[in-house]
Amino acid sequence: LRLTLFVATPLLVAGALPAQQKPLESFEITVTELLGIPSVSRGGRSPFWTDAVQAKIVAGSWSRPKEGDTLTVPGGPTRTWTKLRVNGDAWFQGPALAGGYALAVVPSPKEQVMLLDASGHGMVYVNGEPRAGDPYSHGNLRLPVLLRKGENELLFQGGRGRLRLKLVSPEAAAELDPRDATLPDARLRSRDDLWAAIPLLNATNDAATGLTLRATPAQGTPTDTPVPALVALSGRKIGFRIRPARNLTGTELPVKLEVHRRGKAIHAITVKLRVRKLHESYKQTFISDIDGSVQYYGVQPAVPGGTSEPKALVLSLHGASVEGIGQADAYSPKTWAHVVAPTNRRPFGFDWEDWGRWDAMEVLADARKRLGTDPRRTYLTGHSMGGHGTWHVGVTFPDQFAAIAPSAGWISFFSYGGAWRPGASSTPVEHLLGRVVNPSDTLSLLKNYGQQGVYILHGSADDNVPADQAREMARRLGEFHRDWTYFEQPGAGHWWDASDEPGADCVDWQPLFELFSRRMLPLTASVRHVDFSTASPGVSSRCHWLEILGQEKALQLSHADLRWDPGIRRFRGATQNISRLALDVASLPPTSDHYLLELDGQKLEKVRPVEGRLLLQRTAGTWRTLNTAPAAERKNPARYGTFKSAFRNRVLFVYGTRGTEAENAWSLAKARFDAESFWYRGNGSIDIVPDTAFRAPGKASKKGVDPDRNVILYGNRQSNGAWDALLGSGPVTVERGMIRVGERKLTGDNLASLMVRPRQGSAVALVGVVGGSGLPGMRLTDRAPYFISGAGYPDVTLLGTEMLERGSAGVRGAGFFGPKWDVEGGEWAWAPTE
């Protein structure tokens, strides 16, 4: 392939390197020709997929194709590799780049580290190792890669039809990259320290340790933040503290950032914060409990006026490609309410599900505390993808919002997003896998909206989200709801503004806010009736004084319709698919030492509370009371599964070092790939540590490894030395050549496992396992879509490499553990051959 080599003067920031260190030679490689093949895969929002190229990579039989070579799509047509050429604006285009593959062969005169600067691809294999992609073409993801002497293969999975790529020499061994900084706004007269984050690239083939990030504001005090260890050839968003002066002047605050090692600066850049007046919109940062990363949300603060009582809070969810601060700026200031716009972790993020939903609720809690709002006057709205988020978050947490108002919102992945669902002829394995996304099924939870006021807003000529989505929700609400309004703006498209007043009418619609102003959440003590459904207590378990602690059938709809009669201290009503239930009587007057319950036709008298709650368990159709709280070892809302739930609670990734050379290389590369992918999709920042950071059970862990953090373990029991310390001898074991689930054994080196289990020695933490019984099985997990919203995995999923050719028929088995995290009490489905 023809390569254009540019040699230029070093692009170094003044003072970035120690005076005695020679600047790195700076040059750029631009690829002008690719070999491409149209899509050879099928998948989408599904837990299983097919892919003819990945099948060869997993099997170890991949060889470089030539022009004219062909591949047969599993169950489909034959595709041909052809040459692609760059167009005039440095972008490649063509069918191969819309979900297919493109191959670049890059010669290098020596072994060297370069920064891969590419956009438009889903991911890329660099000499066989997976690296994160930039499918939305943000242009802010640069990754250090190692070019070996001679020819190097870069195999790109196409994204949306275009690809741009070049390789750039790094400026320093540890390089700051300002293109994806998360920066707060500095506010006049504020006394708070600020948190920010910036990517730091380790452009060496060794771990980078002992680094410090110094932030020196032009007006303020320097602060030093220790940098966590960075694995070889990696990038990570590094959070750091900024300490501005209390009395700022001007509209910008320059902050010099320096990476130090042993007191010497090795790279430096300057970033600028906006300085905002107290009445202006601003970006507020906070530390997320999901991964310890720095996130932000936009605030349109209330302006002076109105009463002196605490203000209301309107949580507004943005649409796809929209920034949180842009969403906040779409509203005119209110005298009675703050408008708060979380980010969904990214402009595209997670469709306000999974980590996007958690982000919305983290922001709600943080904003309530910082702004001191009235918790009874909390409202939810959003536009487009955020309109869907309003439907989803509102129905999931119905007691948190007095009213909701989706604008141009789609209902669910099943009505709009193309998510896979099992059909009538599906196998038991497919039906079990299909239950994992039941929390996304808005319509199944419809009755939860009965507790909220609802205002539906849509443009009649919307060509992005059809108005039929809103009309269907209006029709369904009309069957039971008593407090809802539907307005369709005639002739309006997806984004519209009908008036000349400040704010965009498709979100800042006066009748919508008038409905908000007349609604208020009830006091829990005054709630007499709770009608609540959830598809998983691990997603949503509580509504006012009722909490669903466990299910009879995991991830099927659970429902409780209970009434509280305070005069006779009685709860009565019906339940569905609930195995454990708690009733919070501490918040309900009159308090008593015993209560009467009538559940599902069964009467329980003189039921006594345990720590302010009535605890009940149903076994074989009969309710009984519990005299003690359930043991933390049991499944509970805070530790319930499924697999994705392991990626929170300050999660850290643990790669294995005790396997073969190839297994260890895979483990580190996969942990790095997942961390990069979560950085890109979720603005994440995840610790990656080796298995040597853990000790065997009964021995103290090494300093710095929190026993109550969630962990993702890469490998199997032989290849990852942390297995026994984290999991012990549990009922599911992944070993070389074999996976055991209870008494069942699956053999071969081509088995992949995605699993979640309680972390040994912790009452709150989980361990997710990404591994396999051999290299083929391990490689199979490389592209598992667990960071894609609308696709999910149960507690255990076992895949065979034949899945890449046979789809769901290659899923060997899947299941949910029982309430004691046991196999015997769980539910499992197996392929016929197993």
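Owing to the predicted nature of the structure, the values given are computational and were not obtained by experimental measurement.

**Notes on the confidence of the model for the protein**
In low-pLDDT segments, the atomic positions of the prediction should not be examined closely. On average, residues of the protein score 93 in pLDDT, and 95% of them reach the 70 mark or higher. In this model residues 700–704 is a low-confidence stretch, pLDDT under 50, and it forms 5 contacts with partners more than four residues away in sequence or in other chains.

**Here's the deal with the sheet that holds strand 22 (residues 223–226)**
With mixed pairing, 5 strands are arranged side by side in an open sheet as 18-25-24-20-22. The open sheet has two edge strands with one neighbour each: strand 18 (186–187) and strand 22. Where strand 20 (residues 211–217) lies against strand 22, 4 bridges are found, and the strand directions are antiparallel. In the strand pairing of strand 22, Arg214 is matched with Asp224.

**Thoughts on the environment of Thr212**
Note that Thr212 resides in strand 20. For Thr212, a relative accessible area of 24% puts it in the partly exposed group. Between the C-alpha atoms of Thr212 and Arg262, which are 50 residues apart in sequence, the distance is 8.5 Å. Setting aside its immediate chain neighbours within four residues, Thr212 contacts Asp224, Thr225, Val227, Glu258, Val259 and His260.

**Some words on helix 7 (residues 467–478)**
Given 3.6 residues to a turn, an α-helix orients residues that are three or four positions apart in the same direction. Here helix 7 spans 16 Å end to end across 12 residues, near enough to the 16 Å set by a 1.5 Å rise per residue. Among all positions in helix 7, only Ala467, Gln469, Ala470, Met473, Ala474 and Leu477 are buried. End-on, the buried residues of helix 7 take up no more than an arc of 155 degrees, which puts them together on one face. Those residues of helix 7 that are buried lie in contact with helix 4 (385–396), helix 5 (413–417), strand 32 (453–459) and strand 33 (484–489).

**So, the pairing of strand 11 (residues 112–119)**
Taken across its 8 residues, strand 11 has 8 buried, putting it largely inside the fold. The pairing of strand 11 with strand 14 (residues 142–147) spans 6 bridges and is classified as antiparallel. Bridged to Asp117 within strand 14 is Arg142. Pairing analysis gives 5 bridges linking strand 11 to strand 16 (residues 162–168), with the strands arranged antiparallel. Each residue of the ladder has a partner; that of Leu116, found in strand 16, is Leu167.

**What about the nonpolar core?**
Note that soluble globular proteins tend to have their nonpolar side chains buried in a common cluster. One finds Phe653, Phe694 and Tyr786 to be the most contacted residues of the largest nonpolar core, which totals 75 residues. At 5 residues, strand 50 (residues 751–758) tops the list of elements feeding residues into this core. Filtering out sequence-adjacent residues up to four positions away, Phe653 remains in contact with Phe647, Ala671, Asp674, Ala675, Ile686, Asp687, Ile688, Val689, Ile712 and Tyr714. One finds Tyr297, Val299, Leu315 and Ala419 within the second-largest nonpolar core, a separate group that totals 36 residues.

**Focus: helix 1 (residues 52–59)**
Burial analysis of helix 1 places 6 of its 8 residues in the buried class, the great majority of the element. Within the sequence span of helix 1, burial applies to Ala52, Val53, Gln54, Ala55, Ile57 and Val58. For helix 1, the capping residue at the N-terminal end is Asp51, with a side-chain oxygen 2.9 Å from the backbone nitrogen of Val53. Once helix 1 finishes, Gly60 follows within two positions and takes phi at roughly 80 degrees, a positive value.

**A closer look at the pattern of salt bridges**
Applying the stated criterion across every chain yields a total of 58 salt bridges. Its salt-bridge partner being Asp354, residue Lys644 comes within 2.8 Å of it at the nearest N-O pair. Placement of the pair is Lys644 in the loop between strand 43 (622–625) and strand 44 (652–655) and Asp354 in the loop between strand 29 (337–341) and helix 3 (355–371), with a sequence separation of 290 residues. Taking relative accessible area as the criterion, Lys644 reaches 7% and is therefore assigned buried. Looking at Asp354, the relative accessible area reads 15%, which means it is buried. The partner of Glu488 in a salt bridge is Arg471, with the nearest N and O atoms 2.8 Å apart. Linking Glu488 in strand 33 with Arg471 in helix 7, this pair joins segments that are 17 residues apart in sequence. Overall, Arg471 belongs to the partly exposed group, its relative accessible area being 36%. The network of salt bridges with shared partners includes Asp117, Arg142, Arg164, Glu175, Asp177 and Arg179.

Cut-off values and rules
- Residues numbered from 1 in each chain as written.
- Predicted model: local features only at pLDDT ≥ 70, side-chain atom pairs only at ≥ 80, totals over all residues.
- Heavy atoms only, no water.
- pLDDT = per-residue confidence, 0-100.
- Contact = heavy atoms within 4.5 Å.
- Pairing = 2+ DSSP bridges.
- Helix = DSSP H or I, 4+ residues; strand = E, 2+ residues; numbered from the N terminus.
- Buried < 20%, exposed > 50% of the residue type's maximum accessible area, 1.4 Å probe, protein only.
- Expected span 1.5 Å × (residues − 1).
- Arc of directions from axis to C-beta.
- Core = buried A, V, L, I, M, F, W, Y, C linked by side-chain atoms within 4.5 Å.
- Polar contact = N/O pair within 3.5 Å; in protein donor to acceptor, adjacent residues only side chain to side chain.
- Salt bridge = Lys/Arg side-chain N within 4 Å of Asp/Glu carboxyl O.

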